[in-house]
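Letter by letter, the chains look like this.
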There are 2 protein chains.
Amino acid sequence: VELELLAQLKAIATDPAARGLNDDVAVLGDLVLTHDMLVEGVHFLPSDPPEDVAWKLVAVNLSDLASKGATPIAILLGAGLPRGGTWASAFVAGIGLAVQAFGVPLIGGDTVAMPGGAPVTLGLTAIGRSDGPIPSRAGAAAGDALYVAGVIGDAGLGLSIAKGERAGHPDLLNAYRRPVPLIETGRALSASVTAMMDVSDGLLIDAARIAQASGIALEIDLDTIPLSKAAQMMGGNDDAARLAAATAGDDYALLFTASRPLPTAPCRVARIGQAVRGEGLHLYNRDGPVALPERLGWLHG
Amino acid sequence: VELELLAQLKAIATDPAARGLNDDVAVLGDLVLTHDMLVEGVHFLPSDPPEDVAWKLVAVNLSDLASKGATPIAILLGAGLPRGGTWASAFVAGIGLAVQAFGVPLIGGDTVAMPGGAPVTLGLTAIGRSDGPIPSRAGAAAGDALYVAGVIGDAGLGLSIAKGERAGHPDLLNAYRRPVPLIETGRALSASVTAMMDVSDGLLIDAARIAQASGIALEIDLDTIPLSKAAQMMGGNDDAARLAAATAGDDYALLFTASRPLPTAPCRVARIGQAVRGEGLHLYNRDGPVALPERLGWLHG
């Protein structure tokens, strides 16, 4: 049904600014706009600290701007919060922290006290400005190299720590609860890439989206997927660990293709494969082809 | 608690674009931005048709732009919808109708299938552009006349029809379910007003907000509050009926002050009072002062 709804929405969103609803953002002149939601029990755990939920709400939206090379200029908040109690005020305090940390002003929005028992339901509109090209998912061509900026899999391991399932380095929990959008990196790279998006639902599913939008296939070398030291210590670095990382989501790394040498970026950039003729994803490691896992990432909703 | 939260948010939203969170909209250069939410069971009835809820979501946000004289240029939708079923697709169809009717493109957003039993939770960001002054709530001065564009009370009567409490003209139900933002009227008036806002929570409570923001008192002549014929047929037009209309909310009329003659507006404009020194509201009718009702309007949340 989600796909049917999306098709229905795409039929409505015919303005070029909507980019066909295929691109995480809308583009109005030099403005880049995005609106992502977080719902309790769907996108975050009821036990997640409200300050962290607020941080994440801001971060995931700024990550969409980062993936388009845009500089955030403002946010508007739509927050359905529990009536009374301390959750709501801790959440708003977290918005204050994020606004300060990312240097982006809160300029408006709406708050509603939700009916009793209803999940916390959050939306945020982030507005950015770009003075250069605004990459889409659709520009990759056969022959382009495929890269990741940032690391993959930390947040997935952090989620299992948050759930109390496993133990691991606090940095991993932090990667899940307080992701950092790669704004400077996105800005540094945006003029040099052929396609770019942030890795929100999982490296593989997001790579498949670039492949589909661009009409090419992507070959991905599992061995080159950048895992942090903390992730390798907790989860290992064999094929299974790398497949888990590549399908876990919530990373907010940047995934992009380029046909030319890259400028220096403020964070680690790893080449993980290339675009070739065809469609879909092809995984391999040093020994040859690796079968695609059944689930490529998260499909919320 | 809502007031405490709002104070907490105001302490964060210190950028001038936020207008202190006192003004329904944010202003970024010539852009006017707003984000209002509608939550099932708070702002609309579970029995309201999903197409109408969609219409209303768009209309209430465009009404905020109208009250600032801005022309809508785009909307982004954040929709927490029931999984599966027909509600979600009827809702999206309603968004399509509204987008067409108001000529404003849907350019992005997010949809989430809500957990079972959770209320439908909707947010919409509307972006407008203004080529003139953008009135606030704070510009009224003693001596200004107070006006309403549009009619007051139709939607409140329509709500009682929707609830099955009373019978009345279908136009009244329509005013509740399908309000029409006064975009042309707002644009025609915005350069001539000293303060302007839309009447969303009730004429009296919204007038009190202008009075407070402007540091003046408003005198309102109950007899001059514009009621439609259908409203007078259903609810009468004595003081009680007029007080009910003035506190009912959901009207999306424009409430404004001006010190000069007004240009011609595309819809009915009624002078209902004036600004004087002091604070708060003073009601009167042809016989003299009328006591303020205890409740001035709706305070959601």
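Since this is a predicted model, take the numbers as computed values, not measurements.

What counts, and where the lines are drawn
Residues numbered from 1 in each chain as written. Chains lettered and ligands numbered in written order. Predicted model: local features only at pLDDT ≥ 70, side-chain atom pairs only at ≥ 80, totals over all residues. Heavy atoms only, no water. Least-squares fit on C-alpha atoms with pLDDT ≥ 70 in both. Contact = heavy atoms within 4.5 Å. Phe/Tyr/Trp six-rings, centres within 6.5 Å; stacked < 30°, edge-to-face > 60°. Helix = DSSP H or I, 4+ residues; strand = E, 2+ residues; numbered from the N terminus. Buried < 20%, exposed > 50% of the residue type's maximum accessible area, 1.4 Å probe, protein only. Lys, Arg positive; Asp, Glu negative; His and termini not counted. Salt bridge = Lys/Arg side-chain N within 4 Å of Asp/Glu carboxyl O. Polar contact = N/O pair within 3.5 Å; in protein donor to acceptor, adjacent residues only side chain to side chain. pLDDT = per-residue confidence, 0-100. Pairing = 2+ DSSP bridges. Right-handed = clockwise from strand over helix to strand, strands pointing away.

1. Details of the relation of the copies chain A and chain B
The relation between the two chain copies is a rotation about an axis coupled with a shift along that axis. With an RMSD of 0.0 Å, the operation that places chain A on chain B is a rotation of 180° combined with a shift of 0.0 Å along the axis. Taken together, the rotation angle and the small translation identify this as a two-fold axis. When C-alpha distances to the rotation axis are compared across chain A, the minimum falls at A118(A), with a value of 2.7 Å. Taken together, the interface assignments show that 100% of the residues at the interface of chain A recur at the interface of chain B, consistent with an identical surface on both copies.

2. Examining the packing of aromatic side chains
A complete count under the given rule lists eight aromatic pairs over all chains for this structure. The interplanar angle of 50° and the centroid separation of 4.7 Å between the aromatic rings of W55(B) and F102(B) together place this pair among those described as tilted. Of this pair, W55(B) sits in helix α2 (residues 50–66) while F102(B) sits in helix α3 (residues 87–102), and the two are 47 residues apart along the sequence. With relative accessibility at 17%, the residue F102(B) sits in the buried group. An aromatic cluster of at least three residues, connected via ring pairs, comprises F44(A), W87(A) and F91(A).

3. Examining the side chain of D251(B)
Residues and elements named next belong to chain B. If you trace the backbone, D251 turns up in the loop between α9 (239–246) and β9 (253–258). Of the buried charged residues, D251 lacks a salt bridge, with K56 as the closest side chain of opposite charge at 9.6 Å. Within the local environment of D251, its side chain forms a polar contact with the backbone nitrogen of G153, the two atoms lying 2.9 Å apart. Not counting residues up to four positions away in its chain, the partners in contact with D251 are V151, I152, G153, D154, A155, V199 and A245.

4. A look at the confidence of the model for chain A
Of the residues in chain A, 99% reach a pLDDT of 70 or more, and the chain-wide mean stands at 95. If you check the scores for this complex, the pTM reads 0.94 and the ipTM reads 0.93.

5. Side note on the pairing of strand β3 (residues 71–82) of chain A
Residues and elements named next belong to chain A. Judged by how many residues are buried, β3 sits mostly within the fold: 10 of 12 residues are covered. Across nine bridges, the pairing between β3 and strand β5 (residues 121–129) is antiparallel. Considered in β5, the bridge of G78 is made with G123. Inspection of the sheet shows β3 paired to strand β4 (residues 106–114) by eight bridges, in the parallel sense. The residue bridging L77 from the neighbouring strand is G109, located in β4. Regarding topology, helix α3 (residues 87–102) serves as the crossover connection from β3 to the parallel β4, and that connection is right-handed.

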